[in-house]
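# Commentary on secondary and tertiary structure
Here's the letter readout for the chains.
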2 protein chains.
Amino acid sequence: MTAPVDTVRIVEVGARDGLQNEKTLLPAEVKIALIDRLSSTGLGTIEATSFVSPRWVPQLADAAEVFTGIRKVPGVRYPVLVPNLQGYERARAVGAQEIAVFTAASEAFNRKNINASIDESIERFMPVLERARADGVAVRGYVSTVLGCPYQGAVPVTDVVRVAERLRALGCYEISLGDTIGVGTPAKARAMLRAVAQAVPMHALAVHFHDTYGQALANILACLEEGVRVVDSAVSGTGGCPYAKGATGNVATEDVAYMLEGMGLHTGVDLDLLVATGAWLSAQLHKETASRVTRARTAA
Amino acid sequence: MTAPVDTVRIVEVGARDGLQNEKTLLPAEVKIALIDRLSSTGLGTIEATSFVSPRWVPQLADAAEVFTGIRKVPGVRYPVLVPNLQGYERARAVGAQEIAVFTAASEAFNRKNINASIDESIERFMPVLERARADGVAVRGYVSTVLGCPYQGAVPVTDVVRVAERLRALGCYEISLGDTIGVGTPAKARAMLRAVAQAVPMHALAVHFHDTYGQALANILACLEEGVRVVDSAVSGTGGCPYAKGATGNVATEDVAYMLEGMGLHTGVDLDLLVATGAWLSAQLHKETASRVTRARTAA
């Protein structure tokens, strides 16, 4: 008898969370090529774009064109971010089957960014959740600043728990817990996840780390040990942090996949194809890849 | 009653393992300034240089000048690497009180690099260990390629255990287990450390990770969980890997210290002074720092 395969689902967020924080604006056809390449790596979930207002995020103003242009590989999910009903309508008009909504666990962050309390921010996308439920559209919820906030500093774990629980109660099938500014360390990440998992089942939780302080993989390891099996990452470690200039962005999918496979955790991802995609993307962005694996593998 | 403070000793290897793999040759006075700066950060152990043949490592040909020039802060240890009796004599002539010897756990690596088996390589520095014992000089032992070898690939854990046990029996007060090419992942690092700790007490073991594949901090975390409390690292993540061009070097001391302090593990290191030293060193080397913490902290 063989042991059951322990599987981790990687949610690739590079085309959205990564590119929306890159200085270089890529043309729609390059974004389409990126997502098509990612679709062939074995990744099961690829966040495609964001239907936020182009005034907020000019990098993703071509959301409809990109979503329409990508090859939809059977079995692969292509969620898109939506901030409100208007975004939802735009996403649905081009056939999006899965969406993601977002809020922060930090009161100060919400106030500063959208001039609303946490509760008000959730109320604002309640109509989206209702419409999604009626339409049979799956909704993922992002909670940002779970381990620290650029405005208020520490974020009480109780606030993270409350927000995650609320999103779950409102119908999100999965809650992604994000260390937006990448300040967390393993013991804190573990304690936060453990607290949230008292209120939301672990199978409905994902972790989302930025590598600003180099802690992302260690934090992921701590959370894997705690039982999480969904990890967000971005190929080539794209993105940045508007609150820490020069800082690195999302943890690189290549580095996550390398760690997981090395630990015997199945991801379904072909690392060679992923590395080739990461190297290609960093060339498109005219910057050195932030993935150590891709750097090592592509070194002459 | 307060809980006892859980302490991790960081062994700073940047001035030796880091600089010996940098393309840029620093003048002796800059190396002296580096070590003097490091001495003021609270680090308790700073490997100062290597008395190997200048023909092998031209970067450290000024070992005697550097060792003589540095300020010896009371309470801080300044070990130096020695490969043989000749190096030992040179080190002792300038007053070195502590030395380190090295071998690999990979037969192929030893054959290729010094044309000797593991056992022969150990026999070669036996006279050094005997002299050190007679002189009351403390000896640290490095075992390299503990999680992989550029020539033979996988390295049997039994070989790592055998070499570590041998070095311990020969009088090394501490054995540093090095993933020289940075290919290890947390589960393998943990299993290797656990196996070695069956033969050598955990308090006499250190871990030494290179960040080639971005796994270093995660590997350190796994080893801390296993009980190790001594970690090697290099300020600014200097060094490289001659077997993977363009790859990153030692794990950065700043990133290690940030993680440890965030986990409530006491290091005694002043992170601000460390970051300032790392930023200064990367300027001297004309390259971007490999430390994510220093990058984030010094971003404009």
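Going by the structure above, here's the rest.
Everything in this summary refers to the structure shown in the same document. Note that the structure is predicted; figures quoted are calculated from it, not measured. (Residues numbered from 1 in each chain as written. Chains lettered and ligands numbered in written order. Predicted model: local features only at pLDDT ≥ 70, side-chain atom pairs only at ≥ 80, totals over all residues. Heavy atoms only, no water.)

## A look at the sheet that holds strand E4 (residues 80-81) of chain B
Working definition: the strands of a sheet are paired by backbone hydrogen bonds and lie parallel or antiparallel to each other. Strands sit in the order E2-E1-E9-E8-E7-E6-E5-E4-E3 (chain B) across an open sheet of nine strands; the sheet is parallel. Both edges of this open sheet fall to strand E2 (45-46) and strand E3 (49-50) of chain B, since each of them pairs with a single strand only. (Pairing = 2+ DSSP bridges. Helix = DSSP H or I, 4+ residues; strand = E, 2+ residues; numbered from the N terminus.)

## Section: the packing of helix H6 (residues 118-135) of chain A against helix H7 (residues 157-169) of chain A
Residue and element names in this part refer to chain A. Following both chains from N to C, one finds H6 and H7 inclined at 15 degrees, their axes separated by 11 Å at the closest point. Regarding the angle of H6 to H7, the classification is roughly parallel. H7 is crossed by H6, and the crossing has right-handed handedness. In this structure, H6 uses Ile118, Asp119, Ile122 and Phe125 to contact H7, whose residues at the interface are Arg162, Val163, Arg166 and Leu167. Across the contact of H6 with H7, the residue classes tally to five nonpolar, no polar and three charged. (Axes fitted to C-alpha atoms, helices over the stretch in contact; angles between N-to-C directions. Parallel < 35°, antiparallel > 145°, perpendicular 65-115°, else oblique. Left-handed = near helix turned anticlockwise from the far one by under 90°. Contact = heavy atoms within 4.5 Å. Nonpolar A, V, L, I, M, F, W, Y, C, P; charged D, E, K, R; others polar.)

## Digging into the interface of chain B and chain A
The interface of chain B with chain A comprises 34 residues on the first partner and 34 residues on the second. A per-residue breakdown of the area chain B buries against chain A is headed by Tyr213, Tyr258 and Arg292 of chain B, which together make up 26% of the total. Counting the contacts that link chain B with chain A gives four salt bridges. Across the salt bridge formed by glutamate 225 of chain A and arginine 190 of chain B, the nearest N and O atoms sit 2.8 Å from each other. When contributions to the side of chain B that touches chain A are tallied by element, the ones reaching two or more residues are helix H8 (186-197), helix H9 (216-226), helix H10 (253-262) and helix H12 (292-298) of chain B. For the side of chain B that touches chain A, a count of residues per class yields 17 nonpolar, eight polar and nine charged. (Buried area = accessible area lost by both parts, 1.4 Å probe. Salt bridge = Lys/Arg side-chain N within 4 Å of Asp/Glu carboxyl O.)

## Focus: the packing of aromatic side chains
Under the definition given, this model contains four aromatic pairs over all chains. Taken together, a centroid distance of 5.9 Å and an interplanar angle of 40 degrees make the contact between phenylalanine 109 of chain A and tyrosine 151 of chain A tilted. On the criterion of sequence distance, the pair formed by phenylalanine 109 of chain A in helix H5 (residues 107-114) and tyrosine 151 of chain A in the loop between strand E6 (138-144) and H7 is long-range, its members being 42 residues apart. Using a relative accessible area of 10% as the deciding quantity, one classes phenylalanine 109 of chain A as buried. Classification of tyrosine 151 of chain A by relative accessible area gives partly exposed; the value is 33%. Summarising the aromatic geometry, the rings of tyrosine 213 of chain A and tyrosine 258 of chain B are spaced 4.7 Å apart at their centres and angled 20 degrees between planes, so their arrangement reads as stacked. Highlighted residues: tyrosine 213 of chain A in the loop between strand E8 (205-209) and helix H9 (216-226) and tyrosine 258 of chain B in helix H10, drawn from two different chains. (Phe/Tyr/Trp six-rings, centres within 6.5 Å; stacked < 30°, edge-to-face > 60°. Buried < 20%, exposed > 50% of the residue type's maximum accessible area, 1.4 Å probe, protein only.)

## Quick word on unusual backbone geometry
All names here are of chain A. With a phi angle near 50 degrees, threonine 145 is a residue other than glycine that sits in the positive phi range. Of note, threonine 145 is situated in the loop between E6 and H7. On the basis of relative accessible area, threonine 145 is assigned to the buried category, the value being 0%.

## Considerations on the pairing of strand E7 (residues 174-179) of chain A
Residues and elements named next belong to chain A. Within E7, six of the six residues are buried, which leaves the element mostly enclosed by the surrounding structure. Neither face of E7 is exposed, since Glu174, Ser176 and Gly178 on one face and Ile175, Leu177 and Asp179 on the opposite face are all buried. For the segment spanning E6, H7 and E7, crossover handedness is right-handed. In this sheet, E8 lies alongside E7 in parallel orientation, the contact comprising five bridges. Pairing of leucine 177 across the sheet is with valine 207, part of E8. Remark: the E7/helix H8 (residues 186-197)/E8 crossover connection has right-handed handedness. (Right-handed = clockwise from strand over helix to strand, strands pointing away.)

## Examining the side chain of asparagine 110 of chain A
Turning to its location among the elements, asparagine 110 of chain A is positioned in helix H5. If sequence neighbours within four positions are ignored, asparagine 110 of chain A has contacts with Thr103, Ala104, Asn115, Ala116, Ser117, Ile118 and Ser121 of chain A.

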